[in-house]
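Overview (structure and organization)
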Amino acid sequence: MVIGGGAPISVQSMTKTAPEDVRGTRSQVRRLARAGAQLVRLTVPGLDAAKAFARVRRGSPVPLVADTHFDPRVAMAALDAGADKVRVNPGNTRSTALREFARESGKRRVPVRIGVNSGSVYHRKGRSRNLARDMASTALAAARRFEDWGQRRVVLSMKAPTVLDTVLACRIVAEKSDYPLHLGVTAAGPQDLAAAKSFAALGALLVDGIGDTLRFSFTGDPVEEVRAGLALLTAMGLRSEGPEILSCPTCGRCRVDLPGLVAAVRRALSAVEDPLTVAVMGCVVNGPGEARDADVGLAGAADGSLVLFAGGRRLRRIGKPTAAVRALAAEVRRMARGRRRRK
């Protein structure tokens, strides 16, 4: 896969299994790939973990990144283990010690992510703390050393637990260089708070045209990280795989079980890969117009029935929710087939 250079923005995650647990790690990699991850990172804390990484790498359905720290020998071992990319941290590994790794990874055409986190960035004594500036300057300095040593396939990341520091650091680097950027908020917390931080920070950067790959970092199941990343790209119009479902938040005017209806629609369309907009609306005020504006839509009526729309036209009223879901799914498939024939 390609990162940067106009390639689509990719979503990645990181396994949370013990690095020596080859079977469990393989299973989690497969789960992440099925969820839509295009790249998966594995921690490689030592030489034994590099051997385990090599076993996981064989047969992996997606490229694997080796996450290394402290010891440049581990980065070299990960390279030998077949890593598709290696992450190094200049905040806890002496750059000069990485010279040989940079040269060798450059020769092998294996990309390197220079990842700078707020927890390990170096701060000069006697100077006022400016975290965003410090992360950006550390990343840029390391990237230029790697280029001098022959490694030009470099991706940069600057992550902090705060939205503002993360956004500012990435903007500084984007203004001063054209390195591909990996986006994320580190140590963001439990899923609800971490999602809010990540949507805010990554959304702000993507609106500015900054970012080539991303990860949501949750304390919990990594599959949820992938789902959130894909949802962000869909919401911003940067991903065009599968239907985008639009639904209202409901209010006292709603006369249908809209949460249940939306869940049923999602299940019915789970195998559809075409980028269509599908509206599921419960309100008689705005619902008909929003359903009409979508490619295919349902709008709730005051008597509890549902009105089906497709291609901007009202088709018919349907009394039962199950029948309405079947009719909507049929219209979606029909429209998807027609679009594929016209291509």
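All of the points below concern the structure found in this document. (Residues numbered from 1 in each chain as written. Predicted model: local features only at pLDDT ≥ 70, side-chain atom pairs only at ≥ 80, totals over all residues. Heavy atoms only, no water.)

Digging into helix H8 (residues 222-235)
Defined as follows: Under the scheme used here, helices are H or I runs from DSSP no shorter than 4 residues and strands are E runs no shorter than 2 residues, and both carry numbers assigned from the N terminus. Expected span of a helix, by definition, is 1.5 Å for each gap between consecutive residues, and there is one gap fewer than residues. For each residue, the accessible area found with a 1.4 Å probe, counting protein chains only, is set against the maximum for its type, and the residue is called buried under 20%, exposed over 50%, and partly exposed in between. By definition in these notes, contact holds between two residues if any of their heavy atoms fall within 4.5 Å. In protein, a polar contact means a hydrogen-donor-capable atom and an acceptor-capable atom, both N or O and within 3.5 Å, with residues adjacent in sequence counting only if both atoms are side-chain atoms; elsewhere, any N or O pair within 3.5 Å suffices.
Over its 14 residues, H8 runs 20 Å from end to end, which matches the ideal 20 Å to within 8%, given 1.5 Å per residue. For H8, the set of buried residues is Pro222, Val223, Glu225, Val226, Ala228, Gly229, Leu230, Leu232, Leu233 and Thr234. For H8, the elements touching its buried residues are strand S1 (10-14), helix H1 (22-35), helix H7 (191-207), strand S8 (213-214) and strand S9 (244-247). Looking at where H8 begins, the residue whose side-chain oxygen comes 3.0 Å from the main-chain nitrogen of Val223 is Asp221. In the segment just after H8, Gly237 is the residue with positive phi, at about 75 degrees.

Topic: the sheet that holds S8
The following threshold applies: The pairing criterion for strands is at least two bridges between them, as found by DSSP.
The strand order across the open sheet formed by eight strands is S6-S5-S4-S3-S2-S1-S8-S7, and the pairing between neighbours is parallel. For this open sheet the edge positions go to strand S6 (154-159) and strand S7 (182-183), each flanked by a neighbour on one side alone. In this structure, strand S5 (residues 112-117) lies alongside S6, joined through six bridges in parallel fashion. In the sheet register, Gly115 faces S6, and the bridge partner there is Ser157.

Remarks on the packing of H1 against helix H2 (residues 47-57)
Threshold: A fitted line through C-alpha atoms represents every axis, and for helices the fit uses only the stretch in contact; the resulting angles, taken between N-to-C directions, go from 0 to 180 degrees. By the definition adopted for this analysis, an angle is roughly parallel if under 35 degrees, roughly antiparallel if over 145, roughly perpendicular if from 65 to 115, and oblique otherwise. Handedness of a crossing is defined here by the sense of rotation of the near helix relative to the far one, left-handed for an anticlockwise turn of less than a right angle and right-handed for a clockwise turn.
Two numbers describe how H1 lies on H2: the axes approach to 9 Å, and their chain directions differ by 45 degrees. On the basis of their axis angle, the class for H1 and H2 is oblique. Note on packing geometry: the crossing formed by H1 with H2 is right-handed. Two secondary-structure elements touch here, H1 through Val22, Thr25, Arg26 and Val29 and H2 through Ala52, Arg55 and Val56.

A closer look at the packing of aromatic side chains
Note the threshold: Note on aromatic contacts: the rings of Phe and Tyr and the six-membered ring of Trp form a pair at centre separations within 6.5 Å, being stacked when their planes are under 30 degrees apart, edge-to-face when over 60 apart, and tilted otherwise.
Counted under the stated rule, the structure contains four aromatic pairs. Taken together, a centroid distance of 6.4 Å and an interplanar angle of 70 degrees make the contact between Phe101 and Phe146 edge-to-face. Taken together, the positions of Phe101 in helix H4 (residues 99-107) and Phe146 in helix H5 (residues 131-148) put the pair 45 residues apart, joining distant regions of the chain. The same class applies to Phe101 and to Phe146, which are both buried. Summarising the aromatic geometry, the rings of Phe199 and Phe216 are spaced 5.0 Å apart at their centres and angled 70 degrees between planes, so their arrangement reads as edge-to-face. Separated by 17 residues along the polypeptide, Phe199 in helix H7 and Phe216 in the loop between S8 and H8 bring together distant segments of the chain. Residue classification places Phe199 among the partly exposed positions, given a relative accessible area of 36%. Feature note: the residues Phe101, Phe146 and Trp149 constitute an aromatic cluster, connected by ring pairs.

Side note on the pairing of strand S11 (residues 296-300)
Our working definition: Orienting the strands away from the viewer, one traces the path from the first strand over the helix to the second; a clockwise path indicates a right-handed crossover.
Among the five residues in S11, five count as buried, and that is most of the element. The alternating pattern of S11 places Val296, Leu298 and Gly300 on one face and Gly297 and Ala299 on the opposite face, and all of these are buried. Across four bridges, strand S10 (residues 277-281) lies against S11 in parallel orientation. Each residue of the ladder has a partner; that of Ala279, found in S11, is Gly297. For the crossover from S10 across helix H10 (residues 287-293) to S11, the handedness is right-handed. In this structure, the hairpin formed by S11 and strand S12 (residues 306-310) is closed by a connection of five residues, where Gly304 is found at a positive phi of approximately 90 degrees.

A short note on empty space enclosed by the protein
Filter applied, for reference: The rule is simple: put a 1 Å grid over the protein atoms alone, call a set of points where a 1.4 Å probe fits but cannot get out a cavity, call an open set with protein on both sides within 12 Å along at least five of seven lines a pocket, and count a residue as lining if it has an atom within 4 Å of a point. Grid points are joined across faces, edges and corners, and a volume is the space filled by probe spheres set on the points. Charged residues are taken to be Asp, Glu, Lys and Arg, nonpolar residues to be Ala, Val, Leu, Ile, Met, Phe, Trp, Tyr, Cys and Pro, and polar residues to be all remaining types, Gly included.
Within the structure shown, the criterion is met by one cavity of 30 Å³ or more. Put simply, the largest cavity is a space of about 50 Å³. Lining of the largest cavity is provided by Thr15, Thr17, Ala18, Pro19, Thr25, Leu42, Thr43, Ala49 and Phe53. Among the secondary structure elements, those contributing two or more residues to the lining of the largest cavity are strand S2 (39-43) and H2. A class-by-class count of the residues in the lining of the largest cavity yields five nonpolar, four polar and no charged.

Quick notes on the layout of surface pockets
In this model, the largest pocket occupies a volume close to 910 Å³. Forming the boundary of the largest pocket are 22 residues, of which Arg239, Glu241, Gly242, Pro243 and Arg266 lie nearest the centre. Secondary structure elements with two or more residues in the lining of the largest pocket: H1, H8, S9 and helix H9 (258-268). At six residues, the largest contribution of residues to the lining of the largest pocket is made by H8. Across the lining of the largest pocket, the residue classes break down as nine nonpolar, four polar and nine charged.

Here we look at the nonpolar core
What counts, and what does not: As used here, the term nonpolar core means buried Ala, Val, Leu, Ile, Met, Phe, Trp, Tyr and Cys residues forming a set that is joined through side-chain atoms within 4.5 Å.
Counting 74 residues, the largest nonpolar core has Val88, Phe101, Ile114, Phe146, Leu156, Met158 and Leu214 as the members making the most contacts within it. The element that contributes the greatest number of residues to this core is H5, accounting for nine residues. When sequence neighbours within four positions are dropped, the list of residues in contact with Met158 reads Val116, Met135, Ala136, Ala139, Thr166, Ala169, Cys170, Val173, Leu181 and Gly184. In terms of nonpolar packing, the next biggest core, distinct from the first, is built from 29 residues, Ala264, Leu298, Val325 and Met335 among them.

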